[in-house]
Amino acid sequence: MRLLFIGDVVGRSGRAAVVEHVPLLRARWDLDFVIVNGENAAGGFGLTEAIFEEFLAIGVDAVTLGNHAFDQREALVFIERQPRLVRPANYPAGTPGRGATVISNGRGERLLIVNVLGRLFMDALDDPFATIERELGACPLHERCDAAVIDVHAEATSEKWALGHFADGRASLVVGTHTHVPSADHRILSGGTGFVTDVGMTGDYDSVIGMDKDEPLRRFTRRIPSGRFEPALGPATLCAVAVETGADGLAEAISPVRIGGLLESAAPAFWTKRTDDRPDNRL
Ligand SMILES: [Fe+2]
Ligand SMILES: [Fe+2]
């Protein structure tokens with residue numbers, strides 16, 4: 001299977017990159033599932049139902065969240081009626097929505113998606129390791145799903161690596177989000193799980209992690225807030241990770257994807273062939 005996970009979409013410029021590129025990438029790479037982290041899609045803070053539905057309409061299969069999951073208060077309501085929207089699984093019991101879900105595509109393939117928040121330098125929540133243990137136990141790879149993606153939304157690189165090793169051999173991909181900075185350590189762990197510490201944001205990199213530079217600089221230099229954080233509006237770099245899984249659901253290849261904006265571009269060399277060149281021509 002071919003999976004594409006797109007990192008934290010920040011504001012209007014991030015959304016424009018998703019809308020422009022996802023339909024093209026879906027066709028060019030014959031993708032089986034496209035997942036987007038949408039926690040910053042609405043003006044940098046949270047997600048609205050209109051934005052979520054636009055993502056689905058242009059070919060996104062599911063959206064994950066993070067610490068900004070409920071910044072838009074309407075998310076507390078609409079998340080209940082959107083099975084393809086996943087919020088962190090280690091929020092307290094009774095939090096609206098779901099922390100894990102299994103979705104199917106037109107080919108009958110089943111994908112488990114889990115979202116967890118780290119605990120280092122972040123709000124105190126339930127243990128993400130125990131949460132992952134529970135969710136993977138409820139939906140074992142190769143038994144109840146054909147691929148499994150875990151979005152580890154966390155600040156600390158150490159915690160993300162540990163969570164990756166914890167799930168190694170039991171998930172197709174453990175992908176870090178939240179820092180908004182792509183790390184260059186994408187690799188397949190010893191047990192066969194694709195991993196990257198952070199996929200990076202999909203937003204304008206002429207910014208402070210997606211936000212217009214002025215207010216962050218004022219707060220860093222004067223310590224006094226003097227305005228709102230607003231997303232930077234320059235052209236976005238779409239940052240993603242591409243994963244090819246084998247028959248066992250584990251990763252066979254992983255590559256960063258960077259398109260547009262200020263960052264150097266990257267694309268998976270293993271998907272350079274067109275759909276009609278594929279030996280099994282699955283459609
Ligand atoms: Fe984010
Ligand atoms: Fe975040």
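Right above here is the structure, for reference.
None of the values given here were measured: they were computed from a predicted structure.

Trainee: Lay out the layout of surface pockets in plain terms, naming residues and giving numbers.
Mentor: Put simply, the largest pocket is a space of about 300 Å³. Lining the largest pocket are 14 residues, and of these His68, Val208, Ile209, Met211 and Phe229 sit closest to its centre. Looking at side-chain class alone, the lining of the largest pocket contains seven nonpolar, five polar and two charged residues. Together, Asn67, Tyr91, Leu117, Gly118, Phe121, Met122, Asp123, Leu125, Glu155 and His178 line the second largest pocket.

Trainee: Got a sec to walk through helix α5 (residues 157-167)? Specific residues and values, please.
Mentor: Those residues of α5 not exposed but buried are Glu159, Lys160, Leu163, Gly164 and Ala167. Down the axis of α5, the sector holding all buried residues measures 140°, keeping them to one side. Looking at the buried residues of α5, the elements they touch are α4 (128-138), β7 (147-153), β8 (173-177) and β10 (194-196).

Trainee: Kindly report on the coordination of the iron ion (ligand 2), identifying the contributing residues and their values.
Mentor: Looking at the iron ion (ligand 2), one finds its protein donor set to be Glu39 (OE), Asn67 (OD1), His153 (NE2) and His178 (ND1), positioned 2.1 to 2.2 Å from the metal centre. In this structure, the iron ion (ligand 2) is surrounded by four donor atoms whose angles at the metal cover 86 to 146°, and the resulting shape is irregular. We note that the donor set of the iron ion (ligand 2) lies within a single chain, spaced as E-x27-N-x85-H-x24-H. Separating the iron ion (ligand 2) from the iron ion (ligand 1) is a gap of 3.4 Å, which Glu39 spans by donating to each of them. Here Glu39, found in the loop between β2 (33-37) and α2 (49-57), pairs with Asn67, found in the loop between β3 (62-64) and α3 (75-78); they are 28 residues apart in sequence, far enough to count as distant.

Trainee: A description of the coordination of the iron ion (ligand 1) should follow, citing residues and the corresponding values.
Mentor: Looking at the iron ion (ligand 1), one finds its protein donor set to be Asp8 (OD), Glu39 (OE), Asn40 (OD1) and His180 (NE2), positioned 2.0 to 2.2 Å from the metal centre. One way to put it: the four donor atoms around the iron ion (ligand 1) meet at angles of 87 to 162°, and that makes the site irregular. Here the donor residues of the iron ion (ligand 1) are spaced in sequence according to D-x30-E-N-x139-H. Residue classification places Asp8 among the buried positions, given a relative accessible area of 0%. Its relative accessible area of 7% is what places His180 among the buried residues.

Conventions and cut-offs
Residues numbered from 1 in each chain as written. Chains lettered and ligands numbered in written order. Predicted model: local features only at pLDDT ≥ 70, side-chain atom pairs only at ≥ 80, totals over all residues. Heavy atoms only, no water. 1 Å grid on protein atoms, 1.4 Å probe; cavity = no way out; pocket = protein on both sides within 12 Å on 5 of 7 lines; lining within 4 Å. Points joined across faces, edges and corners; volume = space filled by probe spheres on them. Nonpolar A, V, L, I, M, F, W, Y, C, P; charged D, E, K, R; others polar. Buried < 20%, exposed > 50% of the residue type's maximum accessible area, 1.4 Å probe, protein only. Helix = DSSP H or I, 4+ residues; strand = E, 2+ residues; numbered from the N terminus. Arc of directions from axis to C-beta. Contact = heavy atoms within 4.5 Å. Donors = N, O, S within 2.8 Å, 3.2 Å for Na, K, Ca; no water. Tetrahedral: all angles 85-135°; square planar, octahedral: opposite > 155°, others 65-115°.

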